[in-house]
Amino acid sequence: MSPPLIRPRRLLASALLALAGIAPAFAASNEVTMYKDPNCGCCSKWAEHMRAHGFSVKEIATPQMGEVKRAAGVPQALGSCHTAKVGGYVIEGHVPAADVRRMLTEKPAIAGLSAPGMPQGSPGMEGPYPADRYDVVSFDAEGKTAVFASH
């Protein structure tokens, strides 16, 4: 019995998308590289949140987080516990996946997003306490900031 015809069609469609550059761009925008302190548990919980929302996350434990943040251009005032890179942008801390997805869709002229500090109730910081109200802040290479989303 021969396989159904849908498989060759699906293979052809995938090949055409790849040749057009669509499939690799989609895949690249979903690949997150996250740098975290080896002793931090909430960072892995944020990675789980991102995976649950369709991202592929590579976790890299390093004791050199200060250097990672400096190299990524994260303003000191916007620091948090982990630093990630996705689609050419920097994500600092517990930024919700929906905000990351919105940024990747809209492609603003910014360096990245931050959820400064470690807001209670943000992705990876859920717990028995009431959630904090917090802002996700965009930042550019010159250090200019703006509120991107409020939660």
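The structure this text deals with has already been given above.
Residues numbered from 1 in each chain as written. Predicted model: local features only at pLDDT ≥ 70, side-chain atom pairs only at ≥ 80, totals over all residues. Heavy atoms only, no water.

A.B. asks: Go over the pattern of salt bridges with me, naming the residues and quoting the values.
C.D. replies: Counted under the stated rule, the structure contains 5 salt bridges. Its salt-bridge partner being K69, residue E92 comes within 2.6 Å of it at the nearest N-O pair. Of this pair, E92 sits in strand β4 (residues 89-93) while K69 sits in helix α4 (residues 65-72), placing them 23 residues apart in sequence. Taken as a pair, E92 and K69 share a single burial class, namely buried. Several salt bridges converge on common partners, so that one network encompasses K36, R51 and E59. (Salt bridge = Lys/Arg side-chain N within 4 Å of Asp/Glu carboxyl O. Helix = DSSP H or I, 4+ residues; strand = E, 2+ residues; numbered from the N terminus. Buried < 20%, exposed > 50% of the residue type's maximum accessible area, 1.4 Å probe, protein only.)

A.B. asks: How would you explain the packing of aromatic side chains if you had to name every residue and give the values?
C.D. replies: Inspection of the entire model under this criterion finds 0 aromatic pairs. Note that R102 overlies the ring of F148, its terminal NZ or CZ placed 3.8 Å from the centroid. (Phe/Tyr/Trp six-rings, centres within 6.5 Å; stacked < 30°, edge-to-face > 60°. Lys NZ or Arg CZ within 6 Å of the ring centre and 35° of its normal.)

A.B. asks: Talk me through unusual backbone geometry; I want residue IDs and the actual numbers.
C.D. replies: In this model, K107 sits at a positive phi of 50°, which is unusual for a non-glycine residue. Note on placement: K107 falls in the loop between α5 (97-106) and β5 (112-115). Overall, the relative accessible area of 60% leaves K107 in the exposed class.

A.B. asks: Can you explain the pairing of strand β7 (residues 145-150)? Please cite residues and give values.
C.D. replies: As paired elements, strand β6 (residues 135-139) and β7 share 5 bridges and run antiparallel to each other. When the sheet's bridge partners are listed, F139 is paired in β7 with T145. Counting the residues between successive antiparallel strands, the hairpin from β6 to β7 contains 5 residues, one of them, G143, with a positive phi of roughly 95°. (Pairing = 2+ DSSP bridges.)

A.B. asks: A description of α5 should follow, citing residues and the corresponding values.
C.D. replies: Taken together, the buried positions of α5 are occupied by A97, D99, V100, M103 and L104. One side of α5 holds all its buried residues, which, seen down the axis, span an arc of 165°. In this structure, α5 carries A98 and T105 as exposed residues pointing more than 90 degrees from its buried face. Two residues or fewer past α5, K107 is found with a positive phi of approximately 50°. (Arc of directions from axis to C-beta.)

A.B. asks: Before we move on, can you summarise the sheet that holds strand β3 (residues 82-86) with the specific residues and values?
C.D. replies: Ordered in space as β2-β1-β3-β4-β5-β6-β7, the 7 strands form an open sheet in which the pairing is mixed. Every other strand in the sheet has two partners, leaving β2 (56-61) and β7 as the edge strands with one partner each. Across the sheet, the axes of successive neighbouring strands diverge by a mean angle of 25°, strand direction being ignored. Where strand β1 (residues 31-36) lies against β2, 6 bridges are found, and the strand directions are parallel. Of the residues in β2, the one forming a bridge with Y35 is I60. Here helix α3 (residues 42-52) sits on the sheet in contact with β1, β2, β3 and β4, set at roughly 175° to β1. α5 rests against β3, β4, β5, β6 and β7 of the sheet, and its axis sits at about 120° to β7. (Axes fitted to C-alpha atoms, helices over the stretch in contact; angles between N-to-C directions. Contact = heavy atoms within 4.5 Å.)

A.B. asks: Report on the nonpolar core, specifying residues and quantitative values.
C.D. replies: Counting residues in each nonpolar core, the largest one holds 28 residues, and the members touching the most others are F55, I91, V100 and M103. Those elements that place two or more of their residues in this core are β1, α3, β3, β4, α5, β5 and β7. Per-element tally for this core: the top contributor is α3, with 5 residues. Sequence-distant contacts of M103, that is, excluding residues within four places in its chain, are made with V86, Y89, I91, P108, I110, L113 and F148. (Core = buried A, V, L, I, M, F, W, Y, C linked by side-chain atoms within 4.5 Å.)

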